[in-house]
Amino acid sequence: MRIVRVMALIPSIRGSLLPRYDKGFFLSLLPFASIIFAIFLALACIVASVSQQSISKFGVRLLTESVWRPSEAGEEFVSYGLLAPLYGTLVTSVTAAAMALPLSLSTVYFMEELAPPKLRELFSTLIDLMAGLPTVLYGLWGVEVMIPFLRDNLMAPLHELLPWVPLFSCEPLSGASLLSAGMVLAIMIIPFMHSLIRDAYGSVPMTYREAILSLGANRYEYFKMMLSLIKPAIIASLLLGLGRASSETVAVALVVGNSFNVSPCIFSPGYTIPSLIANQFSESNFYPYMQSALYAGGLVLLILGVVFSTTGLIMMRKAREMYG
Amino acid sequence: MRKVALLTENLGVKIGGKEILRNLNIELPERRILAVMGPSGSGKSTLLRAVNRLLDTVPSCEVSGRVVIHGVDAYSSDPYKVRRLTGMVFQVPNPFPNMSIYDNVAIGPKLNGLVKDRRELDDLVRWALERAMLWDEVRERLKDPPHKLSGGQQQRLCLARALALRPKLLLLDEPTANVDPINAAKIEEALRSLVETQEISIIFVTHTPHQAMRISDYVAFLYMGELVEFGLTQEIALNPKHELTRRFLKGEV
Ligand SMILES: Nc1ncnc2c1ncn2[C@@H]1O[C@H](COP(=O)(O)OP(=O)(O)O)[C@@H](O)[C@H]1O
Ligand SMILES: [Mg+2]
């Protein structure tokens, strides 16, 4: 929601009726604006500099190995590989975005084209509420309700039916798995993606809607063409959704299983970088290189986040420019 | 005896309880141009949207009476079918910005399954662009996005988009209001040639009496939701029955 609000400010600032440039006002706000930028730079520098130690020791093995072996005995026994958490982060967030997209599109269609105004209001409030809930609640709900349900009604049957499909090749044990994490994340990012897509959908001018209808499009074709008119916004919502999902910590830590696994099977427990950091940071002072390795994980997250957010925001901007 | 392209019987429109159109009776023979004129706010756009059922999308809108398009009773058949029978061009050029010039024209036939293969589609797109007098200007750049065209060209592209549906009845809502005079003349010429050579009839909305008289075979004069006068253009030009029409033609209303 935060991103939506910030984006909403941009056109109004640009199109403001006030003089474009008021020097006193500008100067008075400059320090505050610079502080934000300075904090971001400082954050990036700290993360990079603490990571430095492990990066120079392990090099690329940090990303290509998945042995995580803290040791006090001596440097030769120590091994830190982030492959499993990196893999888990990517798999869970891609799963989440892939599941959240069709669901967000359906809710947009339902609200914009089917629901009567009162129901629309209610639904809209509900979705805003969902977006604002503390994420740990989604994790708790996942553990209590979703994991047992998924294990018994989805994972076990799929594994029995199609054990030769690599995705379903392992037996679901506790149910805590990459799939469960992906689903919890999907539910968390649906309200977010829904809002972004719905904003764009609502901004398509009436004249294009009428043009589509005047060509004899039925409901389904109409919606398809409307979506093609807001394609940049849909891509943006995917990228920003990926950014959210890949950085979520607590909810994932509760449902992902927290084990160093690089398996093609989505029923197997895994790890993600944020949950790794959350789980292990408190003891990382006791082992050589461990804290630095965790920071290296943070650096990877930072890079992922910057890539997803900037490309997402660029697409969002493109989407906004399309219809003035 | 010519077939009837459009027939309205006691057509009335209410939006949110407010009467926008009242008791409209119009009969337009096939292959003729009807100009609907009237001051702004008189209900011209609403009339067009009642004919092709775009009003269905307006909440709290009630339509009464009958609309018959080429023998098809619009309000007792499928709205998608009604809109397919009637292409529409809007007041502000609105080609789809996310599609190429070619795709803008091809989308209608594709949606409605009018063509069997790519070659037929190519032919239909070319035909529509030629009829809209745009082909020579865009044949080399069919893959370009429409915003590279001038406003007048974009409006002719929208005309081609509507024509590619092979409609029986073409609805145009002040199509030249936002277009330079040269492009406006091209559009008028294209329309004249359409009714002379094709099985098509046209309703042309305009708020300028000059244009109405210049282009049409029949005129309908709308004033505050009522049909003040309807008849052959020549007769109304020479001898309007109502004082209000006379004043509108002189530019006094
Ligand atoms: N969707 C709508 N909701 C409410 N009123 C409308 C709507 N569309 C048109 N009207 C009203 O109907 C009247 C006729 O409008 P319109 O058909 O656009 O006139 P014209 O095209 O002749 O300028 C106007 O008073 C307008 O306010
Ligand atoms: Mg109008």
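Residues numbered from 1 in each chain as written. Chains lettered and ligands numbered in written order. Predicted model: local features only at pLDDT ≥ 70, side-chain atom pairs only at ≥ 80, totals over all residues. Heavy atoms only, no water.

(A) View of the overall build of chain B. Within chain B one finds ten helices and ten strands. Radius of gyration (C-alpha) of chain B: 18 Å, near the 18 Å computed for a compact globule of 253 residues. Counting only C-alpha atoms and orienting by the principal axes, one finds that chain B spans roughly 50 × 40 × 40 Å. Per-residue burial over chain B gives 55% buried out of 253 residues. Summarising the internal contacts of chain B: among those between residues at least 6 apart in sequence, 69% fall at separations of at least 24. Split by element, the accessible area of chain B, about 11100 Å² in all, is 49% carbon and sulfur. Of note, chain B has its 35 positive side-chain charges centred 2 Å away from the centre of its 31 negative side-chain charges. (Helix = DSSP H or I, 4+ residues; strand = E, 2+ residues; numbered from the N terminus. Rg over C-alpha atoms; globule rule 2.2 N^0.38 Å. Buried < 20%, exposed > 50% of the residue type's maximum accessible area, 1.4 Å probe, protein only. Contact = heavy atoms within 4.5 Å. Areas by Shrake-Rupley, 256 points an atom, 1.4 Å probe, with all protein chains shown as cover. Lys, Arg positive; Asp, Glu negative; His and termini not counted. Charge placed at Lys NZ, Arg CZ, Asp CG, Glu CD.)

(B) How the structure looks around the overall build of chain A. When helices and strands are tallied, chain A shows 13 helices and two strands. Counting only residues that meet the buried cut, chain A has 44% of its 324 residues in that class. Within chain A, contacts between residues at least 6 apart in sequence are counted, and of these 72% link residues at least 24 apart. Summing over all exposed atoms, chain A offers an accessible surface of approximately 16700 Å²; the carbon and sulfur share of this is 69%.

(C) Main features of the packing of aromatic side chains. What the rule picks out here adds up to 15 aromatic pairs over all chains. Taking the centre distance of 5.8 Å and the plane angle of 45 degrees together, the rings of Tyr201(A) and Phe223(A) count as tilted. Of this pair, Tyr201(A) sits in helix α7 (residues 178–202) while Phe223(A) sits in helix α9 (residues 219–229), and the two are 22 residues apart along the sequence. Each of the two residues, Tyr201(A) as well as Phe223(A), counts as buried. Between Phe221(B) and Tyr223(B), the aromatic rings sit 6.4 Å apart at their centres with planes inclined by 40 degrees, giving tilted as the arrangement. These aromatic residues form a ring-pair network of at least three members: Phe58(A), Trp68(A), Tyr80(A), Phe260(A), Tyr271(A) and Tyr289(A). One residue, Arg244(A), lies across the ring of Phe192(A), its end atom 4.2 Å from the ring centre. Just above the ring of Phe96(B) sits the side chain of Arg161(B); from NZ or CZ to the centre is 4.6 Å. (Phe/Tyr/Trp six-rings, centres within 6.5 Å; stacked < 30°, edge-to-face > 60°. Lys NZ or Arg CZ within 6 Å of the ring centre and 35° of its normal.)

(D) Main features of the site of ligand 1. All names here are of chain B. Residues in close proximity to ligand 1 include Ile15, Lys18, Ile20, Pro39, Ser40, Gly41, Ser42, Gly43, Lys44, Ser45, Thr46 and Val58, which together make up its full environment. One nitrogen or oxygen atom from the side chain of Lys18 is found 3.5 Å from an oxygen atom belonging to ligand 1. When the free accessible area of ligand 1 is taken as 560 Å², the share hidden by the protein chains comes to 59%. Among the elements of the structure, β2 (18–29) and α1 (44–51) are those that each provide at least two residues to the shell around ligand 1. For the shell around ligand 1, the leading source of residues is α1, giving three residues. (Near = heavy atom within 4 Å. Polar contact = N/O pair within 3.5 Å; in protein donor to acceptor, adjacent residues only side chain to side chain.)

(E) Quick peek at the environment of Leu149(B). Residues and elements named next belong to chain B. Assignment of secondary structure puts Leu149 in the loop between α5 (135–138) and α6 (151–163). Residue classification places Leu149 among the buried positions, given a relative accessible area of 5%. Linking Leu149 and Ile101, residues 48 residues apart in sequence, is a C-alpha distance of 9.2 Å. Those residues in contact with Leu149 that sit more than four places away from it in its chain are Ile101, Val138, Arg141, Gln154 and Leu157.

(F) Here's a closer look at helix α3 (residues 101–111) of chain B. Among the eleven residues of α3(B), nine are classified as buried, and the element is accordingly described as predominantly covered. Buried within α3(B) are the following residues: Ile101(B), Tyr102(B), Asn104(B), Val105(B), Ala106(B), Ile107(B), Gly108(B), Pro109(B) and Leu111(B). The inward-facing, buried residues of α3(B) contact α9 of chain A together with α4 (118–131), α5 and α6 of chain B. Among the residues trailing α3(B), Gly113(B) stands out with phi positive, at a value near 60 degrees.

(G) Examining the confidence of the model for chain B more closely. Residue and element names in this part refer to chain B. Chain-level pLDDT for chain B is 95 on average; 100% of the residues reach the 70-or-more range. Within chain B, helix α10 (residues 243–249) has the poorest average pLDDT of any element, 93, and strand β7 (residues 169–173) the best, 98. Scored as a whole, the predicted complex attains pTM 0.88, and scored at its interfaces, ipTM 0.95. (pLDDT = per-residue confidence, 0-100.)

(H) Fine view of the interface of chain A and chain B. With 19 residues of chain A at the contact, the number on the chain B side is 23 residues. Carbon and sulfur atoms make up 66% of the area that chain A and chain B hide from each other, which totals about 1800 Å². Connecting chain A to chain B are one salt bridge. Close ionic contact of Arg49(B) with Glu210(A) constitutes a salt bridge, the shortest N to O distance being 2.6 Å. Remark: the boundary between chain A and chain B carries four residue pairs in polar contact (both at pLDDT 80 or more). Elements with a contribution of two residues or more to the side of chain A that touches chain B: α8 (206–214) and α9 of chain A. Of the residues forming the side of chain A that touches chain B, the biggest block, eight residues, is contributed by α8(A). Class assignment for the residues of the side of chain A that touches chain B results in eleven nonpolar, five polar and three charged. (Buried area = accessible area lost by both parts, 1.4 Å probe. Salt bridge = Lys/Arg side-chain N within 4 Å of Asp/Glu carboxyl O. Nonpolar A, V, L, I, M, F, W, Y, C, P; charged D, E, K, R; others polar.)

(I) Spotlight on the pairing of strand β1 (residues 4–15) of chain B. All names here are of chain B. Pairing geometry for β1 and β2, over eight bridges, is antiparallel. Looking across to β2, one finds that Leu7 is bridged to Glu27. Relative to strand β4 (residues 61–69), β1 is paired through eight bridges, and the arrangement is antiparallel. Across the sheet, the residue bridging to Leu6 is Ile69, located in β4. (Pairing = 2+ DSSP bridges.)

(J) Structural context of the pattern of salt bridges. All names here are of chain B. The tally for this structure, following the rule as stated, stands at 21 salt bridges over all chains. One salt bridge connects Arg22 with Glu19, and the closest N-O pair in it is separated by 2.7 Å. By relative accessible area, Arg22 is classed as partly exposed at 28%. Accessibility expressed as a relative area gives 39% for Glu19, which makes it partly exposed.

(K) Focus on the packing of helix α4 (residues 83–114) of chain A against helix α5 (residues 117–132) of chain A. All names here are of chain A. As a packed pair, α4 and α5 sit with axes 9 Å apart at the nearest point and diverge in direction by 145 degrees. As α4 packs across α5, the resulting crossing turns out to be left-handed. In contact with Thr107, Phe110, Met111 and Glu112 of α4, α5 contributes Leu119, Arg120, Phe123, Ser124 and Ile127. Here the contact of α4 with α5 is built from residues that sort into five nonpolar, two polar and two charged. (Axes fitted to C-alpha atoms, helices over the stretch in contact; angles between N-to-C directions. Left-handed = near helix turned anticlockwise from the far one by under 90°.)

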